[in-house]
Amino acid sequence: MEFVAVADCDKTKYMDLLLIADEQVSMIEKYLYRGDMYALWEGDLKALCVVTWERPGVHEIKNLVTAPQYQRRGYGRRMIACIENRYREGGGELYVGTGDSPATLIFYQKCGFEKSHIVKDFFVDNYDHPIYEGGKQLRDMVYLKKRL
Ligand SMILES: CC(C)(COP(=O)(O)OP(=O)(O)OC[C@H]1O[C@@H](n2cnc3c(N)ncnc32)[C@H](O)[C@@H]1OP(=O)(O)O)[C@@H](O)C(=O)NCCC(=O)NCCS
C-alpha cells in the first residue's frame, strides 16, 4: 500500500471522486488548492483525502472518499491512520466536518473521533441545491475532532 501526496497540478483529475464526498464543485474549490491532497494506492486508487491547515494546532479533513467499489474494506480507516501519522509531529487537533448522517458519523467515531460542535444550517446556506444522504436532507454540519 502506498500513501502519496498529490501534486497541485494533478488535483482536478480526481474531481469525480471528490464529488462523491462533497457534491458541489464550487465548494470543493474553496479548499482544494489551499489544502494538501493524498492518495492511497494498492494496485489502483483506493482512497483520497484533502486536509487543510486552519490555524496553529488545527488541521481539518475537508474531503475523504474511498472509491465506491472498495468501500467497507478498511481503506478509509487506513487513510485516517496515514493522515494522523503525517500531521502528528506538530501535535494539535484534527477536525472533520460532515453531514448528520449515521453511516459517516459511525465511521469517524470508529476511527477515534469525538463530536465537537455543530454549524447550524451549513448545507442549506452554502450549497445551491438540497443535499440528501440516506434519504434525509442534510442541514447542519457536525464537527468531530481527534487529538494528534
Ligand atoms: C465514509 C467513507 C470514507 C468510509 O470509508 P471506507 O473505506 O468504506 O471505511 P472502512 O472500511 O475503513 O470502515 C471502517 C469502519 O467504519 C464503519 N463504517 C464504514 N462505513 C460504514 C457504513 N456505511 N455504515 C456503518 N458503518 C460504517 C465500520 O465500523 C467499518 O468497520 P467494519 O467494516 O469492520 O465494520 C466511505 O464510505 C466513503 O467514501 N463514503 C462516501 C463519501 C463520504 O461520505 N465521505 C465522508 C464525508 S467527508
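The model shown is predicted, which means the values in this text are computed figures rather than measured ones. (Residues numbered from 1 in each chain as written. Predicted model: local features only at pLDDT ≥ 70, side-chain atom pairs only at ≥ 80, totals over all residues. Heavy atoms only, no water.)

## As for the state of the cysteines
Between two cysteines, a covalent bond joining their sulfur atoms is known as a disulfide. In this structure the tally under the stated criterion is zero disulfides. Here Cys-49 stays unpaired: no disulfide links it, and the sulfur of Cys-82, its closest cysteine neighbor, is 9.9 Å away. Looking at Cys-49, the relative accessible area reads 1%, which means it is buried. The thiol of Cys-111 is unpaired, and the distance to the nearest cysteine sulfur, on Cys-49, comes to 11 Å. Residue Cys-111 is classed as buried on the basis of its relative accessible area, which comes to 8%. (Disulfide = S-S within 2.5 Å. Buried < 20%, exposed > 50% of the residue type's maximum accessible area, 1.4 Å probe, protein only.)

## Observations concerning the packing of aromatic side chains
Under the defined criterion, the tally for this structure stands at nine aromatic pairs. Seen from their ring centres, Tyr-70 and Tyr-75 are 6.3 Å apart, and the 70° between their planes marks the pair as edge-to-face. Judged on exposure class, the residue Tyr-70 and its partner Tyr-75 are both buried. In this arrangement the basic side chain of Lys-46 is found over the ring face of Tyr-70, its NZ or CZ atom lying 3.7 Å from the centre. Positioned above the aromatic ring of Tyr-87 is the side chain of Arg-86, whose terminal nitrogen or guanidinium carbon lies 4.6 Å from the ring centre. (Phe/Tyr/Trp six-rings, centres within 6.5 Å; stacked < 30°, edge-to-face > 60°. Lys NZ or Arg CZ within 6 Å of the ring centre and 35° of its normal.)

Honestly, that's just the spatial picture; any functional story needs more than this.
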